[in-house]
2 protein chains.
Amino acid sequence: MASKNVGLQEIQLLQCFQQDRILSYDNNQLRVAIIGHINSMSALLILERAPFSTYPDQISQTIRKLSNVKSLGTNDIYYWYVAGTSSYLDDINVDTSQYPHDLKVNLIYPCTEQHIKKYSRQVPRIVVETPEIYREKVLPYIIRQRELDTLIWIWNIIEGKTEVNDVIFRTPIGQEADEGFLLLPDLNWDRSTKENLHLLALPERRDIWSIRDLKKKHLSWLRIMRQNLLEATVRTYNWLEADQVKMYVHYQPTYYHFHIHIVHVAMDVGKTMAVGKAIGLELIIEILEFMNGDQEQGIEQMTLHYTVGEASELWQKVFEPLKAKADGIDPPLR
Amino acid sequence: MASKNVGLQEIQLLQCFQQDRILSYDNNQLRVAIIGHINSMSALLILERAPFSTYPDQISQTIRKLSNVKSLGTNDIYYWYVAGTSSYLDDINVDTSQYPHDLKVNLIYPCTEQHIKKYSRQVPRIVVETPEIYREKVLPYIIRQRELDTLIWIWNIIEGKTEVNDVIFRTPIGQEADEGFLLLPDLNWDRSTKENLHLLALPERRDIWSIRDLKKKHLSWLRIMRQNLLEATVRTYNWLEADQVKMYVHYQPTYYHFHIHIVHVAMDVGKTMAVGKAIGLELIIEILEFMNGDQEQGIEQMTLHYTVGEASELWQKVFEPLKAKADGIDPPLR
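Presented here is an overview of the structure given in this document. (Residues numbered from 1 in each chain as written. Chains lettered and ligands numbered in written order. Predicted model: local features only at pLDDT ≥ 70, side-chain atom pairs only at ≥ 80, totals over all residues. Heavy atoms only, no water.)

## A look at the overall build of chain A
Assigned secondary structure in chain A consists of 8 helices and 14 strands. For chain A, the C-alpha radius of gyration of 25 Å lies well beyond 20 Å, the compact-globule estimate for 334 residues. For chain A, long-range pairs separated by at least 24 residues make up 56% of all intrachain contacts whose partners lie at least 6 apart in sequence. Here chain A displays about 16100 Å² of accessible surface, and carbon together with sulfur accounts for 50% of that area. (Helix = DSSP H or I, 4+ residues; strand = E, 2+ residues; numbered from the N terminus. Rg over C-alpha atoms; globule rule 2.2 N^0.38 Å. Contact = heavy atoms within 4.5 Å. Areas by Shrake-Rupley, 256 points an atom, 1.4 Å probe, with all protein chains shown as cover.)

Structure representation (structure tokens):
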């Protein structure tokens, strides 16, 4: 009984909170800290969006009780909405429009197997790519990917055939030799929220497919490229200072034309910028700088640990069979 | 008018969604993908918690309308709650207990200036720490930090004086020389959610303060340590496989006794695992392996780019004055 009373007192405390000002937002604005007072003493309140329930029935209930739904737009089979989480859809006496939207909702309809695969739980694994595994297993995979014409969209952009309007900055087409590059907004950037700035830099040269191709001889090219990217970025977005720009690359990348991610330093991104997937551009430069051996030595000789999804071809065709072999068991047939 | 009708049709579409099963959760369960159907065709629905409003009035309203508040516990000035976002606190006719909690709420009362500083907006900057800046500015800062007795809690744990119950695994105290280490759960891990597993590994040796102290001569120590940590982790948590374990270190770290973060590979963490703050343990090993020079060469000679908050001492006392000097302006007086 005592604990129940304590609980009530604590809830009353919360009800007495008087807001003074918002201190900060965190985690992509999913958490907010507010300073205020209770009975003339300072109090700090932190509100945080809670995880969704893992009970399917509760998720069903949430969907049934979506309130104040607003359609933001559609494109083909894709629909975007915002909504509130609680109820009263059916109660016409309640004006739900006054409640802020606390959910984003996407609908894909009708959807395909590809969509289902994309949104299915991707169990990640950490793999160990030795120089031998790279040469014998991963490089042939990369060559196959490139032969699938997966890079045509990039050639089109580099040659100025498509997405011309999307290009934020580019050196004169074909004039700068190895130093030629262009900047595009990443698909995930809304192009207006400053702290979510996310650009992709594509060099014009086509002989570097991933960080595995970077050698000591590319050091001065990398340094000039980095400087050019930094200058082009802060010139294009003059509200941005050079020490607010973060650059990194992915390994494995999504496609095998070397590209650099450029983001605002305050950006909160989860997996895309995490150890095991991303490496800072400056760290790569330093690794090459202090690497022993001649100008032909490079990242190729290192053993790289990185994350892959169990649904990926790299896992299923390269690393899972290697793991099964090491464990002395047959890999599952695919 | 046409667009309004389209909007209505789209909302009706959403209302017809029939849930089949949950496909996946993402972003620490703040996003959920559900497969279902509408009129016997497959449909995929993605629900995502929306960012909080940036309008102070809307935040006030959210606080005023907290519903179904439940106290989870208190400790001194700290209070934890869960709550719903919408209203009816005052309407005794509505049973709000049926609505799931979609907010986590923390209250600190009364709070101090330290709390306010901690939760104030931390504007991050990327700094360039050359070997010279490290030796002349950062190392003296680190020495000052160590002289402030900030490591006593670590000595106590290492010597078995405190937090004995929290230690998950340790080698026999003082018996393993440089190979001695212990594993603790990170404060942010609830110790039950598998995918949020987060451990800290503390070596017993006290001569390595950060990655800046790691040299080629430490390679075999690092490799043995890594293997021991991996084995201790999967032995302690037998639901975990070795290729689901990610290890990384921070630079700058929070305290200057070398320590390694061990997390589940599926864990979504924002800044703590991001480029500019975290480096994979295996990458450090490879950097040292391929570094030119003798056994005394190490990370000390590299230029490191990393993120610091503008409120940090490192920014205010080291990097901001350097930036101001480079810009030819006087740094603000502090």
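Once you've had a look at it, read on.
## Section: the pairing of strand β3 (residues 41–49) of chain B
All names here are of chain B. Burial analysis of β3 places 7 of its 9 residues in the buried class, which makes it a mostly covered element. Direction of pairing for strand β2 (residues 31–38) relative to β3: antiparallel, over a ladder of 8 bridges. In the sheet register, V32 faces β3, and the bridge partner there is L47. Hairpin connection of β2 to β3: 2 residues between the antiparallel strands, including N39 at a positive phi of 50°. (Buried < 20%, exposed > 50% of the residue type's maximum accessible area, 1.4 Å probe, protein only. Pairing = 2+ DSSP bridges.)

## Quick notes on the sheet that holds strand β10 (residues 198–203) of chain B
Strand pairing within a sheet occurs via backbone hydrogen bonds; the two strands may be parallel or antiparallel. Residue and element names in this part refer to chain B. The strand order across the open sheet formed by 6 strands is β8-β9-β10-β12-β11-β13, and the pairing between neighbours is antiparallel. Of all the strands in the sheet, just β8 (169–170) and β13 (278–280) have a single pairing partner and so form its edges. Here strand β9 (residues 181–185) pairs with β10 via 5 bridges, running antiparallel. Note that in β10 the partner of P185 across the bridge is L199. Strands β11 (245–250), β12 (260–264) and β13 of the sheet are contacted by helix α7 (residues 281–289), whose axis makes an angle of about 65° with β13. (Axes fitted to C-alpha atoms, helices over the stretch in contact; angles between N-to-C directions.)

## Describing the state of the cysteines
For the coordinates displayed, the defined rule picks out 0 disulfides over all chains. We note that C16(A) lacks a disulfide partner, and the nearest cysteine sulfur, in C111(B), lies 16 Å from it. What makes C16(A) partly exposed here is its relative accessible area of 37%. (Disulfide = S-S within 2.5 Å.)

## Here's the deal with the layout of surface pockets
Considered as a void within the structure, the second largest pocket measures approximately 410 Å³ in volume. Mapped by element, the contributors of at least two residues to the lining of the second largest pocket are β7 (124–129) and α8 (313–327) of chain A together with α6 (219–236) and β11 of chain B. Partitioned by chemical class, the residues of the lining of the second largest pocket number 12 nonpolar, 2 polar and 6 charged. (1 Å grid on protein atoms, 1.4 Å probe; cavity = no way out; pocket = protein on both sides within 12 Å on 5 of 7 lines; lining within 4 Å. Points joined across faces, edges and corners; volume = space filled by probe spheres on them. Nonpolar A, V, L, I, M, F, W, Y, C, P; charged D, E, K, R; others polar.)

## Structural notes on the sheet that holds strand β5 (residues 78–84) of chain B
Strands sit in the order β1(A)-β2(A)-β3(A)-β6(B)-β5(B)-β4(B) across an open sheet of 6 strands; the sheet is antiparallel. At either end of the open sheet lies a strand with only one pairing partner, and these are β1 (18–26) of chain A together with β4 (67–75) of chain B. Each strand of the sheet is rotated relative to its neighbour by a mean of 20°, with strand direction disregarded. Across 7 bridges, β1(A) lies against strand β2 (residues 31–38) of chain A in antiparallel orientation. Opposite Q19(A), over in β2(A), you have G36(A) as the bridge partner.

## Points about the interface of chain B and chain A
Between chain B and chain A, the residue contacts involve 118 residues of the former and 118 residues of the latter. Linking chain B to chain A there are 12 salt bridges. Residues K323(B) and D243(A) are paired through a salt bridge, measuring 3.1 Å at the closest nitrogen-oxygen approach. Summed over the shared surface of chain B and chain A, the number is 48 residue pairs in polar contact (both at pLDDT 80 or more). No other element matches β3(B), which puts 9 residues into the side of chain B that touches chain A. Among the residues making up the side of chain B that touches chain A, the classes are represented as 63 nonpolar, 33 polar and 22 charged. Here strand β6 (residues 103–108) of chain A runs beside β3(B); their pairing, made up of 6 bridges, is antiparallel. Residue I108(A) lies in a different strand from β3(B), and its bridge partner there is L44(B). (Salt bridge = Lys/Arg side-chain N within 4 Å of Asp/Glu carboxyl O. Polar contact = N/O pair within 3.5 Å; in protein donor to acceptor, adjacent residues only side chain to side chain.)

## Looking at empty space enclosed by the protein
Tallied over the full model, the rule gives 5 cavities of 30 Å³ or more. Residue lining of the largest cavity: 35 residues in total, with A278(A), I279(A), L283(A), I279(B) and L283(B) positioned closest to the centre. Elements with a contribution of two residues or more to the lining of the largest cavity: β11 (245–250), β13 (278–280), α7 (281–289) and β14 (304–309) of chain A together with β11, β13, α7 and β14 (304–309) of chain B. For the lining of the largest cavity, the element with the most residues is β14(B), which contributes 4 residues. Taken together, W209(B), S210(B), I211(B), V249(B), H250(B), P253(B), Y255(B), H257(B), F258(B) and H259(B) form the lining of the second largest cavity. A breakdown of the residues in the lining of the second largest cavity according to their chemical character gives 6 nonpolar, 4 polar and no charged.

## What to know about the relation of the copies chain B and chain A
Mapping chain B onto chain A is achieved by rotating through 180° and translating by 0.1 Å along the same axis, at an RMSD of 0.1 Å. Both chain copies can therefore be described as sitting about a two-fold axis. A share of 100% of interface residues in chain B that are also interface residues in chain A marks the association as one of identical surfaces. (Least-squares fit on C-alpha atoms with pLDDT ≥ 70 in both.)

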